[in-house]
Amino acid sequence: MQLELRHLRTLRAIADQGSVTRAAAALGVSQPALTAQLRRIERLLGRPVFTRDHRGVTATAFGEFVLAKARVVLAGVDDLLVAGTYELAGEVRVGSFENPVVVPLVTELTRALPEARIMLQTEHFVRVLVDLVANGRLDVALVADYPG
């Protein structure tokens, strides 16, 4: 057996739900089937990912490591899947504060996504940019925050 994306998604769901039972319900599979799959994944990885008790599951130290890597991989895969929609959508919405980095950023995006129309929106406040991304009104934002 090889480690597959579905296994990483399973581990993420179990961690996010805090319980194999709740994760099974969220994934639409039976609890015994998910438990068996978790055992196979842990056997493949060579160590337990979670400790289990009557309250649910807790990631082991090794599990925290695996989950951190899994989240990065899954985020990257999700980004790849979304990147394909830019060509179909024809537009990438970029937000930034006034910064000399923004022009090279837009230039690189134009070079990387020649079919896409790059839309730039500038704002004075980082919080506004973050909210625009969170609300789906921007695809990406260049932000900086200086403590104090």
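Scroll up to find the structure.
Definitions and limits used
- All residue numbers here refer to positions counted from 1 along the written sequence of the relevant chain.
- Whole-chain, interface and lining totals are the exception, using all residues; otherwise, since this is a predicted model, local features are given only for residues with pLDDT of at least 70 and side-chain atom pairs are given and counted only at 80 or more.
- Side-chain metrics rest on all non-hydrogen atoms present in the structure, leaving aside hydrogens and water.
- Just to be clear on terms, a salt bridge is a Lys or Arg side-chain nitrogen sitting within 4 Å of an Asp or Glu carboxyl oxygen.
- The numbering of helices and of strands both runs from the N terminus, where a helix is a DSSP run of H or I of at least 4 residues and a strand a run of E of at least 2.
- The cut-offs for exposure are 20% and 50% of the maximum accessible area for each residue type, with area from a 1.4 Å probe on protein chains only; residues under the lower value are buried, those over the upper are exposed, and the others partly exposed.
- Nonpolar cores are built from buried Ala, Val, Leu, Ile, Met, Phe, Trp, Tyr and Cys residues. Side-chain atoms within 4.5 Å join them into one set.
- Residue contacts follow a heavy-atom distance rule, with two residues in contact if any of their heavy atoms lie within 4.5 Å.
- Here, any two strands with at least 2 DSSP bridges between them count as paired.
- The handedness of a crossover follows from its direction of travel: if, with the strands pointing away from the viewer, the path from the first strand over the helix to the second runs clockwise, the crossover is right-handed.
- Structural elements are reduced to axes, namely lines fitted to C-alpha atoms, with helices fitted over the stretch in contact, and the angle between N-to-C directions of any two is expressed from 0 to 180 degrees.
- By definition in this entry, angles of less than 35 degrees are roughly parallel, angles greater than 145 are roughly antiparallel, angles of 65 to 115 are roughly perpendicular, and the rest are oblique.
- Residue polarity is assigned by list, with Asp, Glu, Lys and Arg as charged and Ala, Val, Leu, Ile, Met, Phe, Trp, Tyr, Cys and Pro as nonpolar; anything else, Gly included, falls into the polar class.

*Asks:* Before we go on, may I ask you to explain the pattern of salt bridges in this structure?
*Replies:* When charged atoms on two side chains of opposite charge get close, those side chains can pair. Across all of its chains, the model carries 7 salt bridges by this definition. Among the salt bridges present, the one from Arg71 reaches Asp16, with a minimum N-O distance of 2.9 Å. Residue Arg71 is found in helix 4 (residues 61-89), and its partner Asp16 is found in helix 1 (residues 5-17); the two are separated by 55 residues along the sequence. Measuring nitrogen to oxygen at the nearest pair gives 3.0 Å for the salt bridge that ties Asp53 to Arg55. Looking at Asp53, the relative accessible area reads 37%, which means it is partly exposed. The exposure class of Arg55 is exposed, given its relative accessible area of 65%.

*Asks:* Can you walk me through the nonpolar core in this structure?
*Replies:* Residues Leu11, Ile14, Val20, Leu34, Leu38 and Phe50 are the most contacted members of the largest nonpolar core, which totals 16 residues. Of all the elements in the fold, those that place two or more residues in this core are helix 1, helix 2 (20-27), helix 3 (31-45), strand 2 (56-59) and helix 4. With residues up to four places along the chain from it excluded, the contact list for Leu38 reads Leu11, Ile14, Val20, Phe50 and Arg52. The next biggest cluster of nonpolar side chains, apart from the first, holds 7 residues, and it includes Val92, Val106, Leu109 and Ile118.

*Asks:* Sorry, what's going on with the pairing of strand 4 (residues 117-122) here?
*Replies:* Each regular strand shows side chains that alternate between the opposite faces of the sheet. Bridge analysis of strand 3 (residues 91-96) against strand 4 gives 6 bridges, and the strand direction is parallel. In the strand pairing of strand 4, Gly95 is matched with Gln121. In terms of handedness, the path from strand 3 via helix 5 (residues 102-112) over to strand 4 forms a crossover that is right-handed.

*Asks:* Would you mind showing me how to read the packing of helix 2 against helix 3 here?
*Replies:* Any two packed helices are characterised by the angle at which their axes cross and by the distance between the axes. Where helix 2 contacts helix 3, the two axes come as close as 9 Å, and the packing angle between them is 110 degrees. Relative to helix 3, the element helix 2 lies roughly perpendicular. In contact with Val20, Thr21, Ala23, Ala24 and Leu27 of helix 2, helix 3 contributes Gln31, Leu34, Thr35 and Leu38. Counted by class, the contact of helix 2 with helix 3 contains 6 nonpolar, 3 polar and no charged residues.

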